[in-house]
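In case you want the letters, here they are:
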Amino acid sequence: MTEFKQHKILIVDDKKENLISLAATLKKDGFITDSALSAREALELILKNKYGLFILDVQMPEMGGFELADLLKGNSKTKDIPLIFLSANATTKDFTRTGHELGALDFLIKPVDNTLLYYKVQNLLKLHDSTVLLENANKALEKKAAMARISYEDLYYSLVQEIFLINKSGIVISINRTGVLIDGVDSKNLLYHPYSKSTFLSEILGKEINILQLFSEQNKKDKKIEFEGKKADKSVFYGEATLTLVLVETRFNLQVSISDITEKKINEKKIRFEKDKFESVVNSINDGLFQDDLNGTVIYANKRFLDIFGFKESDIGKITISDFADRASYPIMKERHDQRVSGKNVQELIEYIGVRKDGSKLWIESKVTLVKMEGIITGTQSIVRDITKRK
């Protein structure tokens, strides 16, 4: 089994048929799932099990998905687990803002597209897996430090980091290592000599920071410098140098701590990669999608919609139906929009002549549905497709 698929998924929905459908789809793709018909049942399962992803229905009796998410984010055990919200209605701007404030990384509209579900679940579980790996590595380090229980001096000479103490004249007066150091220099050839004898230290202190300036800024915080270097065996590694002014026998000295952060950087890159891939999947949907408010102003649009009509993301919140429907189509579309948001039954699937931002025209097929929040109509959602070639 792929490692990220070992993390269980908890699906919460008050409709049994929805649970069965989602669980069957995910299990077919190799994911492990648990199901709950209510928030209370979900909390009982969470007390007994570990999960890597929560899929929560927003509208449930007694306690909805938003309320459940608020509880989960307040619990140390579940606060960092990714969330997907399910909704039978399209998401409005306020809806998505509330969801993101509660930790949602994505939303799915019912009926759920199985392909989209697979990619969203896969990417979020991979992201969670990378986060767990990083947390476990940090906990292991913290545990070692907590169990050491040795004096400061012993700790100083046993730390993983190489630590150099440099006085105001640039002389290395202490090193917590004997023998060959990380950059190949023997510690005995550097101790009580200018730090410039180490190419390694010279590059960090000479290129990045004026050592005398540091001593004139005694009240400032530690300085951290990340760098890419080579070890004595010529292998490349990522390092972090922490520069701290420390008081030793009434005199300030510069302490330079060198840490190998290669594993940390690799995990960070892995997390960034999974996030980028996740965003790429969301924006790869073939159909355009937008939502408008009661007045017909577009309050949300995906990348495909913007591409079809030539708009920019900055146009969202400014454009209305009149900006992408031609003169003949606009009055009909506006009338249908007003009828729809007033609660009247209006044909969902329509074709009309659209207008791009540059003035060129195209044929559009659009499926329009109402957007409701807690039973109140707040606007419409449209899935649009360029059918110019077909016409």
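Cut-offs applied
Here the residue numbers are simple positions, counted from 1 along each chain's written sequence. With pLDDT at 70 or above as the cut-off, local features in this predicted model cover only qualifying residues; side-chain atom pairs require 80 or more to be listed or tallied, and sums for whole chains, interfaces and linings still use all residues. Think of the side-chain values as coming from all heavy atoms in the structure, minus any hydrogens and water. Partly exposed residues are those whose accessible area sits between 20% and 50% of the maximum for their type, while under 20% is buried and over 50% is exposed, using a 1.4 Å probe and protein chains only. Only DSSP runs of H or I reaching four residues or more are called helices, and only runs of E reaching two or more are called strands; each is numbered from the N terminus. For two strands to be treated as a pair, DSSP must find at least two bridges joining them. Under this scheme, a helix contributes an axis fitted over its contacting stretch, all axes are lines through C-alpha atoms, and angles between N-to-C directions fall in the 0 to 180 degree range. Whether two residues are in contact is decided by their heavy atoms: any pair within 4.5 Å suffices. Note on angle classes: values under 35 degrees are labelled roughly parallel, values over 145 roughly antiparallel, values of 65 to 115 roughly perpendicular, and the remainder oblique. Crossings are sorted by hand: turned counterclockwise from the far helix by less than a right angle, the near helix makes the crossing left-handed, and turned clockwise it makes it right-handed. Residues are grouped as follows: Ala, Val, Leu, Ile, Met, Phe, Trp, Tyr, Cys and Pro are nonpolar; Asp, Glu, Lys and Arg are charged; all remaining types, including Gly, are polar. For Phe, Tyr and Trp, rings pair up if their centres lie within 6.5 Å, where Trp contributes its six-membered ring, and each pair is then called stacked (planes under 30 degrees apart), edge-to-face (over 60) or tilted (otherwise). We define a salt bridge as a contact between a side-chain nitrogen of Lys or Arg and a carboxyl oxygen of Asp or Glu at a distance within 4 Å. Taken from the helix axis, the directions to the C-beta atoms give the arc we talk about. Put simply, the grid is 1 Å and covers the protein atoms alone, a cavity is a trapped set of points that fit a 1.4 Å probe, a pocket is an open set with protein on both sides within 12 Å along at least five of seven lines, and lining residues have an atom within 4 Å of a point. Grid points are joined across faces, edges and corners, and a volume is the space filled by probe spheres set on the points.

(A) The arrangement of the pairing of strand β6 (residues 162-166) in detail. Counting buried residues along β6, five of its five residues qualify, which places the element largely inside the surrounding structure. By the alternation rule, side chains of β6 split into E162, F164 and I166 and I163 and L165, which are all buried. Relative to strand β10 (residues 251-260), β6 is paired through five bridges, and the arrangement is antiparallel. What sits directly across from I166, in β10, is L254. Two successive antiparallel strands, β6 and strand β7 (residues 172-175), enclose a turn made up of five residues, where G170 displays a positive phi of approximately 85°.

(B) Quick peek at the sheet that holds strand β13 (residues 349-355). With respect to topology, five strands assemble into an open sheet ordered β12-β11-β15-β14-β13, the strand pairing being antiparallel. Edge positions in the sheet fall to β12 (298-301) and β13, since each of these pairs with one other strand and no more. Neighbour-to-neighbour, the strand axes of this sheet turn through a mean angle of 35°, independent of strand direction. In this structure, strand β14 (residues 361-373) lies alongside strand β15 (residues 376-386), joined through ten bridges in antiparallel fashion. Counted as the bridge partner of E365 is R385 from β15. Most of the contacts of helix α11 (residues 329-341) go to β15, to which it runs at about 145°, and overall it touches β11 (288-293), β13, β14 and β15.

(C) Highlighting the packing of helix α2 (residues 39-48) against helix α3 (residues 65-73). The interhelical angle for the contact between α2 and α3, taken along N-to-C directions, is 25°, at an axis separation of 10 Å. Taken together, α2 and α3 sit at an angle that is classed as roughly parallel. Viewed along their axes, α2 and α3 form a crossing whose handedness is right-handed. Seen from α2, the contacting residues are A39, A42, L43 and I46; seen from α3, they are L68, L71 and L72. Within the contact of α2 with α3, the residues separate by chemical class into seven nonpolar, no polar and no charged.

(D) The arrangement of the packing of aromatic side chains in detail. Here the structure, examined in full by the defined rule, presents eleven aromatic pairs. Between the aromatic rings of Y51 and F54, the centroid separation amounts to 6.0 Å while the plane-to-plane angle is 55°, which identifies the pairing as tilted. Each member of the pair Y51 and F54 is classed as buried. The interplanar angle of 90° and the centroid separation of 5.5 Å between the aromatic rings of F305 and F324 together place this pair among those described as edge-to-face. Of this pair, F305 sits in helix α10 (residues 303-309) while F324 is found in the loop between α10 and α11, placing the two residues 19 residues apart along the sequence. The exposure classification of F305 matches that of F324, with both residues buried. The rings of F290, F305, F309, F311 and F324 are connected pair by pair, giving a single aromatic cluster.

(E) Molecular detail of the sheet that holds strand β9 (residues 236-248). Taken together, the five strands give an open sheet; going across it, the order is β7-β6-β10-β9-β8, and neighbouring strands pair in antiparallel fashion. Strands with a single pairing partner mark the edges of an open sheet, and in this sheet they are β7 and β8 (223-230). Pairs of neighbouring strands in the sheet enclose a mean axial angle of 25°, with direction left out of account.

(F) A look at the pattern of salt bridges. Summed over all chains, the structure comprises 14 salt bridges. For the salt bridge of K110 with D13, the shortest nitrogen-to-oxygen distance reads 2.8 Å. With K110 in the loop between β5 (104-109) and α5 (114-148) and D13 in the loop between β1 (9-12) and α1 (16-28), this residue pair connects regions lying 97 residues apart in the sequence. Accessibility expressed as a relative area gives 0% for D13, which makes it buried. For K361, the salt bridge goes to D326, with nearest N and O atoms at 4.0 Å. You can see K361 sitting in strand β14 and its partner D326 sitting in the loop between α10 and α11, a full 35 residues away along the chain. Within the structure, one salt-bridge network assembled from shared partners comprises D13, D57 and K110.

(G) Main features of α2. Buried within α2 are the following residues: A39, A42, L45 and I46. All buried residues of α2 lie within an arc of 115° about the axis, which places them on one face of the element. The exposed residues of α2 that point more than 90 degrees off its buried face are R40, L47 and K48. Turning to α2, the residues buried within the fold contact β1, β2 (33-36), β3 (53-57) and α3.

(H) Representation of empty space enclosed by the protein. Evaluation of the coordinates by the stated rule reveals one cavity of 30 Å³ or more. By volume, the largest cavity is sized at about 110 Å³. Forming the boundary of the largest cavity are 13 residues, of which I321, M333, R340, V368 and S382 lie nearest the centre. For the lining of the largest cavity, the secondary-structure elements that each account for two or more residues are β11, α11, β13, β14 and β15. Per element, the largest residue contribution to the lining of the largest cavity is four residues, and it comes from α11. Grouping the constituent residues of the lining of the largest cavity by class yields six nonpolar, four polar and three charged.

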